[in-house]
Amino acid sequence: MLAELEAKRHDDVRWGEGRTFGLVFDGGDEVRDVAERAARAFLHENALSTAAFPSLGAIQSELCAWTADLLHGPEGTAGFVTSGGTESILCAVEAARERARAERGVNEPEIVLATSAHAAFHKGAHLFGLRTRVVDVTGDWTPDLDAMADAISHRTALVVASAPQYPQGVVDPVTEIAAMAAKAGASCHVDACMGGFVLPFAALEQPQAWSAPPWDLAVEGVTSISADLHKLGYAPKGVSVLLHRSRALRRHQTFDFDGWLGGRYVTPNLQGTRSGLPMAAAWAVVRFLGVDGYRRLVRTALEAADRIRAGVRATDGLMVLGDPRHHLLSITADVVADRPLDPYAVGDAMASRGWHHDRQRPPDNLHLTVSAGNAPIVDEWLADLADAVDEVRSTGDHCSEPESGAYSTLE
Ligand SMILES: *Cc1c(COP(=O)(O)O)cnc(C)c1O
């Protein structure tokens, strides 16, 4: 059976070789070993009942306390461990809806968010019956704040900021967004799913190049924040942390029900039965790495991302969208070059050399999440990019006119 399972993996991306930018984040042999041993020990445990498994109660509160400390949570910050970024965001949306109803009598709740905010907010709106008010981004890919101010109303339950946003990797102006939300009495969620375990350490490592204006719970008006341990926290899949500024805010999220024959049923997030594996593995990874370990991995990842960005910017016909400073970037056609390159054609040529890049649009671009596991192969990637560009240029037929209009003005 194990051989059969192994055979099924034949066509999977080879993340262990650092050739995948996203999806799996590899902290190295020792981190994997620590995670696997903790995972094995907690494979069967069920966090549905922390009365039966006090170990899992302690693991969760220690993960939350450590994250709250990292993200400048004030006294009283309270959180939960969830299965991932999407679940953290869904819970934040639901909590904001409940709060708006309870405090302001909002019966037709709305979420105000930019086109750069993660799709999970739309999923939350869809599931929990909120209307979305979507605003555009400006030239630097951060939300249009005037449009956001116009969209906020007495119906607004939640205003979204991202640190950084996923598509281009830039950090939103959290202070300004949170102030608008607070003025309306609405909640403000900071989606730090990507940045939560990167930005704090980046600021310590290279304050000049890698720090960002205040973006976490240090900002008055931010009511909740999410950070994914299973991304740049280097834990295996299935774990994220959602923090609320106070216990009172967190209460809007918990489901507490006694109206059936099975006893009082209290759950913090969307799950019932809940594996102890991801939280135990994450706890072990956090304990193993500590602040020093994370600083080392963040430096490795950000130096790799800086080298990749420099290589792309030096390539005639390609460019990086916006000015991302951390571990995300997207590569698109340089519309002011003499011969812009079709990024998807470059993506095809890179794929035939064994590199996996997610595609997104508009405009057509290749997306990279760079983590420490990619660092050893940056030279190889840059060499293959040069080859791939030559190939696209020589076949010629892939060279397409990039779309004109809105996007060319965004640079
Ligand atoms: C990954 C991500 C999410 C969603 O998290 P999942 O763990 O994939 O569910 C949300 N927001 C941002 C910015 C992300 O990068």
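What this report covers is the structure whose coordinates are included nearby. What you see is a predicted model, and the numbers here were worked out from it, not measured in a lab.

Our next topic: the site of the ligand. In the vicinity of the ligand, the contacting residues are Gly84, Gly85, Thr86, Ile89, His118, Tyr166, Asp191, Cys193, Met194, Asp228, His230 and Lys231. Between the ligand and the protein, one listed contact pairs an oxygen atom with a backbone N or O atom of Gly85 at 2.9 Å. Here an oxygen atom of the ligand and a side-chain polar atom of Thr86 are 2.6 Å apart. Within the complex, 84% of the 380 Å² of free accessible area of the ligand lies under protein. When residues in the shell around the ligand are grouped by element, the largest group, 3 residues, is from helix H4 (residues 85-104). Looking at the shell around the ligand, its residues break down into 4 nonpolar, 5 polar and 3 charged.

Here we come to the environment of Arg133. Structurally, the position occupied by Arg133 is in strand S3 (residues 131-135). Given the relative accessible area of 27%, Arg133 is considered partly exposed. Residues Arg133 and Leu204, 71 residues apart in the sequence, show an inter-C-alpha distance of 36 Å. Those residues in contact with Arg133, other than ones at most four positions away along the chain, are Glu110, Ile111, Val112, Leu113 and Ala151. Among the polar contacts listed, one links the side chain of Arg133 to the side chain of Glu110, at a separation of 3.4 Å.

Now for the pattern of salt bridges. This structure, assessed with the given rule, holds 26 salt bridges. Several salt bridges share partner residues, and in doing so they unite Glu108, Glu110, Arg131, Arg133 and Arg155 into one network.

Our next topic: the nonpolar core. Ranked by size, the top nonpolar core spans 70 residues in total, and within it Trp215, Leu229 and Tyr234 carry the most contacts. A per-element tally of this core places helix H11 (residues 277-313) first, with 12 residues. Here this core gathers at least three residues from each of two domains, domain 1 (29-289) and domain 2 (291-394). Contacts of Leu229, omitting those with residues within four sequence positions, involve Leu63, Phe197, Tyr234, Ala235, Val239, Ser240, Val241, Ala282 and Val286. Counting residues in each nonpolar core, the second largest holds 26 residues, with Leu341, Met350, Trp355 and Val378 among its members.

Per the counting criterion, the structure on display carries 2 cavities of 30 Å³ or more. The calculated volume of the largest cavity comes to roughly 70 Å³. Forming the walls of the largest cavity are Ala92, Ala95, Ala96, Arg99, Leu158, Ser187, Thr223, Ser224, His244, Leu249 and His252. Examining the composition of the lining of the largest cavity, we find that 4 residues originate from one element, H4, more than from any other. Partitioning the lining of the largest cavity into residue classes produces 5 nonpolar, 5 polar and 1 charged.

A word on a nonpolar patch on the surface. A cluster of nonpolar side chains, Phe255, Phe257 and Trp260, forms an exposed patch at the surface whose accessible area comes to about 330 Å². You can see Phe255 is positioned in strand S8 (residues 255-257).

What follows covers helix H12 (residues 343-351). The buried fraction of H12 is high, at 7 of 9 residues. For H12, the complete set of buried residues consists of Pro343, Tyr344, Ala345, Val346, Gly347, Ala349 and Met350. Put simply, Asp342 is the residue that caps the front of H12, since its side-chain oxygen is 2.9 Å from the backbone nitrogen of Tyr344.

This paragraph deals with the sheet that holds strand S11 (residues 328-333). Reading across the sheet, the 4 strands line up as S10-S11-S13-S12 and stay open at both edges, with antiparallel pairing between neighbours. At either margin of the open sheet sits one strand with a lone partner, and together these are strand S10 (318-320) and strand S12 (358-360). Neighbour-to-neighbour, the strand axes of this sheet turn through a mean angle of 30°, independent of strand direction. The pairing of S10 with S11 spans 3 bridges and is antiparallel. Paired with Val320 across the two strands is Ile331, which belongs to S11. H11 contacts S10, S11 and strand S13 (365-369) of the sheet and is inclined by roughly 145° relative to S10.

Parameters and conventions
- Residues numbered from 1 in each chain as written.
- Predicted model: local features only at pLDDT ≥ 70, side-chain atom pairs only at ≥ 80, totals over all residues.
- Heavy atoms only, no water.
- Near = heavy atom within 4 Å.
- Polar contact = N/O pair within 3.5 Å; in protein donor to acceptor, adjacent residues only side chain to side chain.
- Areas by Shrake-Rupley, 256 points an atom, 1.4 Å probe, with all protein chains shown as cover.
- Helix = DSSP H or I, 4+ residues; strand = E, 2+ residues; numbered from the N terminus.
- Nonpolar A, V, L, I, M, F, W, Y, C, P; charged D, E, K, R; others polar.
- Buried < 20%, exposed > 50% of the residue type's maximum accessible area, 1.4 Å probe, protein only.
- Contact = heavy atoms within 4.5 Å.
- Salt bridge = Lys/Arg side-chain N within 4 Å of Asp/Glu carboxyl O.
- Core = buried A, V, L, I, M, F, W, Y, C linked by side-chain atoms within 4.5 Å.
- Domains from an automatic or database assignment.
- 1 Å grid on protein atoms, 1.4 Å probe; cavity = no way out; pocket = protein on both sides within 12 Å on 5 of 7 lines; lining within 4 Å.
- Points joined across faces, edges and corners; volume = space filled by probe spheres on them.
- Patch = residues over 30% accessible without salt bridge, like charges linked within 9 Å, V, L, I, M, F, W, Y side chains within 5 Å.
- Pairing = 2+ DSSP bridges.
- Axes fitted to C-alpha atoms, helices over the stretch in contact; angles between N-to-C directions.

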